[in-house]
Amino acid sequence: MTSYREVIADRDVVVCCGTGGVGKTTIAAATAMAAAAMGRRAAVVTIDPAKRLADALGITELGNDATIIEGPWPGTLGALMLDTKATFDDVVRRHATDDAQVERIFANRFYHNISTSLSGTQDYMAVEKLSQLHSSGDWDLVVVDTPPTRDALAFLEAPKLLTRLLDNAIYKLLISPGGGILRAVNRAASTVVRQLSRVVGAEVVDDAIEFFQTFQGMEQGFRDRADAMLRLLAADETTFVLIASPRSDTISEARYFVNRLGKADLAVGAVIVNRMLPSLSVDAARAVVLRDELAGGPLAGAAIALADHAAAAAGDDARVAELTAAVPEAVVARVPLLPGDVHDVDTLRRIAELLTAD
Ligand SMILES: Nc1ncnc2c1ncn2[C@@H]1O[C@H](COP(=O)(O)OP(=O)(O)O)[C@@H](O)[C@H]1O
Ligand SMILES: [Mg+2]
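Student: What am I meant to see in the site of ligand 1 here?
Tutor: Lining the immediate environment of ligand 1, one finds 17 residues, of which Gly23, Lys24, Thr25, Thr26 and Leu338 sit closest. Every element with two or more residues in the shell around ligand 1 is listed here: helix H2 (24–37) and strand E7 (268–276). Considered class by class, the residues forming the shell around ligand 1 number seven nonpolar, seven polar and three charged.

In structure tokens:
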């Protein structure tokens, strides 16, 4: 691949990652838009878009199904805002053996907690949604925005969230043959539960036990699903796009991402550097000469501003070069810092054009 345009034209799944605030949601939406401009059927799964962007995309109503966005592109653009709870509910419905099991799970407080507030659930459901859209056959490209989690690559672990819970020793004790904890044959189990109950409250433990008991029969489905999701993330048709800004803290976060992705054997297909200072025709050294020459004169103020800007832009360039050198296989695209926020379709189109300008 030699350009982001090629990446967008070729891949079926694009996972946008990067630290919160760098423009992940914006770039994810613009990427899908660029694909639609190439005639592809592209869907973007956004996570908490800025309200005005969600308005512009027509997804303010928590849209867990794709909303088609009309525009002057030959392809199709769909957008949806991830609804973690609704997605989790869908998965439970899909794997449950009957309606009664679904009802029991939905009524359980432990389920309510893991499906709404357990850290990692949002990542898990983002990957789930991605696989659903990908396998639906309705889309040529699915672009997913990843949640702003503290652990940068939590979503790589996320599909294993429930299976890890299920593999947990305490869980095994709880549902062990012989009726689990209710008839705790095992002294260790009762001790563990007593201690747990003291820490988190007996009710919480009861809810958890009930949840895991109800969950029996669905485990294999969840395990197979997690395996399939991990395979999709690692597949050749999937690529990871790293979004960074030229600020030094986000550059070092980005380098950390590169490392982690590399360790997981996942290739970074592209690096998008967002919010680049527009480069001027004057380089930093020349701007300093100008500033000194014009000092004290009527243009002194402008010359100082020019020199400052040129120095900042040169600093950005140097930091970006350091990052891209760490991922030689990735294509690089740059998006300038725009004068205002990105909250309408026209501005997104402009970014889509910049991303694919080559
Ligand atoms: N190139 C840009 N120029 C100006 N503003 C931008 C640019 N990219 C993103 N923004 C704005 O920055 C804010 C954060 O962007 P967003 O895409 O929501 O970031 P993230 O999803 O990484 O948290 C938004 O208000 C967005 O409109
Ligand atoms: Mg975001």
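Here the narrative resumes, following the displayed structure.
Student: Mind showing me how you'd approach the pairing of strand E4 (residues 76–81) here?
Tutor: In terms of burial, E4 is largely enclosed, as five of its six residues are buried. With six bridges joining them, strand E2 (residues 41–46) and E4 adopt parallel strand pairing. Looking at the pairing, Ala42 lines up with Leu77 of E4. Of the strand pairs in this sheet, strand E3 (residues 67–68) and E4 are connected by two bridges, and their pairing is antiparallel. Opposite Thr67, over in E4, you have Ala79 as the bridge partner.

Student: Teacher, can you tell me more about the confidence of the model for the chain here?
Tutor: Caution is warranted with low-pLDDT regions, since their predicted coordinates should not be read in detail. On average, residues of the chain carry a pLDDT of 86, and 91% of them reach 70 or more. Mean pLDDT across the elements of the chain ranges from a minimum in helix H10 (residues 169–174), with 61, to a maximum in helix H1 (residues 4–10), with 97. Every residue in residues 178–185 is under pLDDT 50, and counting partners more than four places away or in other chains gives 13 contacts.

Cut-off values and rules
- Residues numbered from 1 in each chain as written.
- Chains lettered and ligands numbered in written order.
- Predicted model: local features only at pLDDT ≥ 70, side-chain atom pairs only at ≥ 80, totals over all residues.
- Near = placed C-beta within 6 Å.
- Helix = DSSP H or I, 4+ residues; strand = E, 2+ residues; numbered from the N terminus.
- Nonpolar A, V, L, I, M, F, W, Y, C, P; charged D, E, K, R; others polar.
- Buried ≥ 20, exposed ≤ 12 C-beta atoms within 10 Å, placed from the backbone.
- Pairing = 2+ DSSP bridges.
- pLDDT = per-residue confidence, 0-100.
- Contact = placed C-beta atoms within 7 Å.

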